[in-house]
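A closer look at the structure
So the chains spell out like this:
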Amino acid sequence: MNELIEYVRKQFPSLEMQVNGFPAAFLDGPGGYQVPHRVIAAVQNYLVNMNANCHGAYLTSQRTDEMLQSAREAFADFLNCSYEEVAFGANMTTLSFFLAQAMMREMHAGDKVLITEMDHDANRAPWLELQERGIVVENVTVDVNSCTLDMDDFKTKLTATTKVVACNYAQNAVGTISDIGQIIKLAHEAGAFTVVDAVHYAAHKPTDINAIGPDFLICSAYKFFGPHIGILYAKKDVLGKLRTMRVRSQKSYPPYMIETGTLNHEGIAGAKAAVEFVADIGSKFGNRSEIQQQVNHLHGRRRDIVAGLLLFDDYEQQLTECLINGLSEIQEITLYGPPRGHPRTSTVSFTYADHTAADVAKYLAAKGLFVWAGDFYASTLIDRLGLRDQGGLVRIGIAPYNTEDELSRVIEALKNGIILEGLKI
Ligand SMILES: Cc1ncc(COP(=O)(O)O)c(C=O)c1O
C-alpha cells in the first residue's frame, strides 16, 4: 500500500469494523462514503460549541453564522464558483424538487424539459411532475451497448421549445462520465437552462463550474466523506429571477432564497470538514510532478482540493483497472459500463449468471464485503438494460480508502461461486 493510502486509511475509524472475523471492506462509495475523524470532530464541535439558530445576539449564534459563511466559501472552492452561488439543503433530491417547482413557474404549457434515461430518479422525477402543468418532458436515450448517452438523440430532441436540460455528470449505476461541457454548451445555444446532477461525479474528479458553466449543479456531501446534506450551485442571476418557495422571513435573494427553514448546521459543519479533508490530502501529497502540472495555475484551497481529488482519481482508476481485469476472467460475470477508454468513475457493475444481484450482495456481505445491489434509483437505465427481472446489478464502488487486497477478496469470493446456504450476515 502506498504512503498516501496508508495515511488516508488511518483517518477513517469505521475501517476497524469486523464482520464474521473478516475486516469490513466498504465497497459502496456511490451509496455513501465513510467519514474521516475530522468530519466527526467537526460535527461534534458544532454541537458542543456553536449549537444555535442564526442571526442571534449571543456567541453561539454568531459562531453559527460564521460557520455557515465559511462552509459556503469552502464549497465555492470545491466547485470553483462564488460563495453567493452556494445553497444548502436536505439532500440532492429535495433541492432538485425545489428547483424544478421554481422553474415551472417560469414555464408554459408546451415548453419542453429534456431529461435522460441515464439519470438517477432524483434528476427525473422532479421534472416529470411538471407534466401535470402541460410541460412536455422528453427522454434522451441511452446507448445500451456502451452505457453512454446517445448524443445524436440529444441533439435531435434539443429544440427551440426546450427550456431545461437536466442531465447527470456521471452515472451512479455504471460509472459513465458524460461530456457535460458539450451538453451545457449545446443547451445554452438552444436557449435552455441546464441542471447538472453531479452527485456521483463530485466524489471522483474536480468539479469546475467556471469551465463547464451550468446554471445549476447539485451534489451531496455524504458521497464524498461528509454528512447527509445536499449542496446546490446556482448561477446568481438565474436563481435571482426565480420565484422559489419560501417563508416571508427567508432572505429573498441568492443563494439563501432557495433554502428552507433551519439548515442542518452540524451536517454543514461536517461537510466543510470533508472539503478540508480533501484539501489536506492535496497539500500533503500533491507535490508529485504530474499533479503539480495540473494545478499550478490554481491558488490556495482550490489548488489543494483539485490536487487531492486528482490523487484520489489516479489511485481509484488503477484499482478500477485491476477490478475489471479480475472480474473479466470469471465466466459467470457480465460487466456493464462504458467501453475501455471512455471517461468513467471507479464504479463497476455486473450480473452473475442466474443469481439475482441481491443474492450476490448477500453472499459477499457475509464475507465482510459491503456492496450494493439493485437499480440504485437509476431505474430507467436498469429497465433499458433489461435487468429488472434479475434484480438489477451488483455494484462495486471504489473509494480512496479501499485497497487492492479488498478487491482481491471480492474476486476470490466470486471465483468460488455464490454459496447461499448457511450464510451469516
Ligand atoms: C447520481 C445521483 N444523483 C442523485 C442522488 C440522490 O442524492 P440524495 O440522496 O442526496 O438525494 C444519488 C444518490 O444515490 C445519486 O447517486
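Going by the structure above, here's the rest.
This write-up is about the structure you can find in this document. (Residues numbered from 1 in each chain as written. Predicted model: local features only at pLDDT ≥ 70, side-chain atom pairs only at ≥ 80, totals over all residues. Heavy atoms only, no water.)

On the secondary structure map, Arg395 appears in strand E17 (residues 393-397). Classification of Arg395 as buried rests on a relative accessible area of 3%. Only 3.1 Å separates the side chain of Arg395 from the side chain of Asp28, close enough to count as a polar contact. In terms of polar contacts, Arg395 uses its side chain to reach the backbone carbonyl oxygen of Asn172, at 2.9 Å. Not counting chain neighbours up to four residues away, the residues in contact with Arg395 comprise Leu27, Asp28, Pro30, Gly31, Asn172, Ala173, Thr347, Val348, Ser349, Val371, Trp372 and Phe376. (Helix = DSSP H or I, 4+ residues; strand = E, 2+ residues; numbered from the N terminus. Buried < 20%, exposed > 50% of the residue type's maximum accessible area, 1.4 Å probe, protein only. Polar contact = N/O pair within 3.5 Å; in protein donor to acceptor, adjacent residues only side chain to side chain. Contact = heavy atoms within 4.5 Å.)

Ordered in space as E13-E14-E17-E16, the four strands form an open sheet in which the pairing is antiparallel. Only two strands of the sheet have a single partner each, and these edge strands are strand E13 (333-336) and strand E16 (372-374). Averaged over all pairs of adjacent strands, the angle between their axes in this sheet comes to 30 degrees, without regard to strand direction. Relative to strand E14 (residues 347-352), E13 runs antiparallel, the two sharing four bridges. For Tyr336, the partnering residue across the bridge sits in E14 and is Ser349. Together, E14, E16 and E17 form the strand contacts of helix H13 (residues 357-365), whose direction differs from that of E16 by roughly 165 degrees. (Pairing = 2+ DSSP bridges. Axes fitted to C-alpha atoms, helices over the stretch in contact; angles between N-to-C directions.)

The next subject is the packing of aromatic side chains. Going through the model one piece at a time under the given rule, you end up with 16 aromatic pairs. Here the aromatic rings of Phe75 and Phe224 are separated by 6.3 Å at their centres, their planes lie at 55 degrees, and the arrangement is tilted. Here Phe224 lies in the loop between strand E11 (216-220) and strand E12 (230-234) and Phe75 lies in helix H3 (residues 59-79), a separation of 149 residues in the sequence. Pair check on accessibility: Phe75 and Phe224 agree, each one buried. Here the aromatic rings of Phe277 and Phe312 are separated by 6.3 Å at their centres, their planes lie at 25 degrees, and the arrangement is stacked. Separated by 35 residues along the polypeptide, Phe277 in helix H10 (residues 265-285) and Phe312 in helix H12 (residues 300-328) bring together distant segments of the chain. Given the relative accessible area of 1%, Phe312 is considered buried. Stacked on the ring of Tyr256, the Lys or Arg Lys251 has its end atom at 4.2 Å from the ring centre. (Phe/Tyr/Trp six-rings, centres within 6.5 Å; stacked < 30°, edge-to-face > 60°. Lys NZ or Arg CZ within 6 Å of the ring centre and 35° of its normal.)

Between H13 and helix H15 (residues 404-415), whose axes approach to 11 Å, the crossing angle comes to 120 degrees. Taken together, H13 and H15 sit at an angle that is classed as oblique. The interaxial crossing formed by H13 with H15 has right-handed handedness. Contact residues: Val360, Tyr363 and Leu364 in H13; Val410, Ala413 and Leu414 in H15. Residue classes in the contact of H13 with H15 are distributed as six nonpolar, no polar and no charged. (Parallel < 35°, antiparallel > 145°, perpendicular 65-115°, else oblique. Left-handed = near helix turned anticlockwise from the far one by under 90°. Nonpolar A, V, L, I, M, F, W, Y, C, P; charged D, E, K, R; others polar.)

With 120 residues, the main nonpolar core has Phe224, Phe225, Ile231 and Leu414 as its most contacted residues. Per-element accounting of this core gives the leading share, 12 residues, to H12. Taken domain by domain, this core gets at least three of its residues from each of domain 1 (3-36 + 308-415) and domain 2 (41-274). When neighbours within four sequence positions are excluded, Ile231 is seen to be in contact with Phe75, Leu79, Val86, Ala87, Phe88, Leu95, Leu217, Ile218, Cys219, Ser220, Ala221 and Phe224. (Core = buried A, V, L, I, M, F, W, Y, C linked by side-chain atoms within 4.5 Å. Domains from an automatic or database assignment.)

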